[in-house]
Amino acid sequence: MIDPSAPPSSDPLPAEAAAAPPPRRPSLGLRVRLSVLWMLQWGITGALLTYLPLYFESRGLSRGQLGSLFAVAAVGLWVAPIVVGQLCDRLIGAEKYLAVAHFFGGVTLLAVPFAADIFSVTGEGFWFLIATVGLFSALYFPTLPVVSAVTFRHLPDPDSQFGRVRLWGTVGWVLSGLFVSVWLGQREAMQWLSRNSPALRDSLEHADSLLRRLAPVDEADCFRIAAVLSFALSSFCAWLPRSPPPTPTSGRFAPLQTLGLLKDKQFSLLIAASFALSLIIPVYTLEVPALLVRDGYDPDWVPAVMTVGQLSEFPALLLLGLCLKRLGVTATFTIGVAAWALRFLLLAVTDATGPVLAGLALHGVCHVFLIVAVQLYVDSRCPKDLRASGQNLFAVVTVGVGMPLGFLLSGTLSEWASGGAEAPSRLLFLAAAIAVSVVLVPVWMVGRRRGRVEAT
């Protein structure tokens, strides 16, 4: 575990930690419960995120409206962290909050396709669609930092053990993304199986006919699949380890106490850099699915193609603990920022399959060495009774403020860059690569200076 009493000017990995006794291993039952928690949590996102731009475009949303919709999807985090942090750090157990939030999140997911269909048919009611998506985001997004806080709380040594639990979130994302693609593209899947397995042709045709009668494929099924996972997670919370609010030691209103963390220069640097990156990253979310479609991929199979990125999280998560111990959090974070710059550059250079897939495959380093590293750092700096609020502070700065602005900016730039053309992505990716490089410079300089100080 990172020493929370380390001086603010140093990386939270003191040398004396090497002499400490090895941490005890979490029990098998605890590992299984936390792993299933992460698998369902990210399974919801995996069923939705990669397909949403294509789904909403098929319902008649413009690029600007799509940017506005994604921006509003994060507005719930403006208020939710204050409420959620206070609830989980002062009033109720975190597992109880997760159960309630995911149940109502599942209900809201079932309502989103109805709102989208109303807009598609009438051209009106965009406000209703925005309100529905915003409500889901207010229910779902605050659960992410709470799940992190619960995991950090129950693992004896999060720095070395978190990656092995968190990778099951990647499993959930990959499996749900693949399932959405196979479900939406089941006709193509059946035809491929029929061509390659002639002996099963009759059985496959019978199964295909039965599926079409019982459960005809609809693009909105991605929401229904995510809703089923949300209801499943709500029920599973009954088996999570109990996480009652810790004894308060830092004041009655927990979210306000976390603002004192900003006095730590390193903490402020990582939060500021994360905020800047959250303004730029939405370019990837909005443009990559459309780029893959222009490259010839069937829209139904885009979620499956994009799981290439999630697969790279496995080695990144397993290497995270080693990098934190050997390099420190600032250097690890710097690697994550550099990976984002390289990723955007690869996507900007050409639409060829090789560079595009390489850009997708960098997701593991981009996400794990940046977001997960900061989450571990926040957990190490927060007192036990402020950890849910601390994770929510990071979430509100990045997902709650930075990303809405980023989506609005990205949607506007996408419409401007297209100018009637079909493929503005390359120009936007180049601009994003330059912007990330600008963020990289001060982070790299601070990390280099800290490394020289620690060496002496």
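If you're wondering where the values come from, they're calculated on a predicted model, not measured in any experiment.

(A) Summary view of the environment of Ser414. Tracing the sequence through the fold places Ser414 in helix 20 (residues 387–418). The exposure class of Ser414 is buried, given its relative accessible area of 2%. Measuring from C-alpha to C-alpha, the distance between Ser414 and Arg63 comes to 6.8 Å, with 351 residues separating the pair along the chain.

(B) Main features of the side chain of Thr334. Tracing the chain through its elements places Thr334 in helix 17 (residues 329–349). Assessed through its relative accessible area of 10%, Thr334 is described here as buried.

(C) Highlighting the environment of Leu408. Position of Leu408 relative to the elements: it lies in helix 20. Judged by relative accessible area, Leu408 falls into the partly exposed class, the value being 40%. Separated by 126 residues in the primary sequence, Leu408 and Pro282 have C-alpha atoms spaced 9.0 Å apart. Apart from residues lying up to four places away in sequence, Leu408 is in contact with Gly67, Ser68 and Ala71.

(D) The arrangement of the packing of aromatic side chains in detail. Applying the stated criterion to the full structure yields 16 aromatic pairs. Seen from their ring centres, Phe119 and Phe126 are 5.6 Å apart, and the 50 degrees between their planes marks the pair as tilted. The same class applies to Phe119 as to Phe126, namely buried. The rings of Tyr284, Trp340, Phe344 and Phe429 are connected pair by pair, giving a single aromatic cluster. Sitting above the plane of the Tyr284 ring, Arg343 keeps its charged end 3.9 Å from the centroid.

Criteria and cut-off values
Residues numbered from 1 in each chain as written. Predicted model: local features only at pLDDT ≥ 70, side-chain atom pairs only at ≥ 80, totals over all residues. Heavy atoms only, no water. Helix = DSSP H or I, 4+ residues; strand = E, 2+ residues; numbered from the N terminus. Buried < 20%, exposed > 50% of the residue type's maximum accessible area, 1.4 Å probe, protein only. Contact = heavy atoms within 4.5 Å. Phe/Tyr/Trp six-rings, centres within 6.5 Å; stacked < 30°, edge-to-face > 60°. Lys NZ or Arg CZ within 6 Å of the ring centre and 35° of its normal.

Limitation: the analysis is restricted to geometry and does not speak to function.
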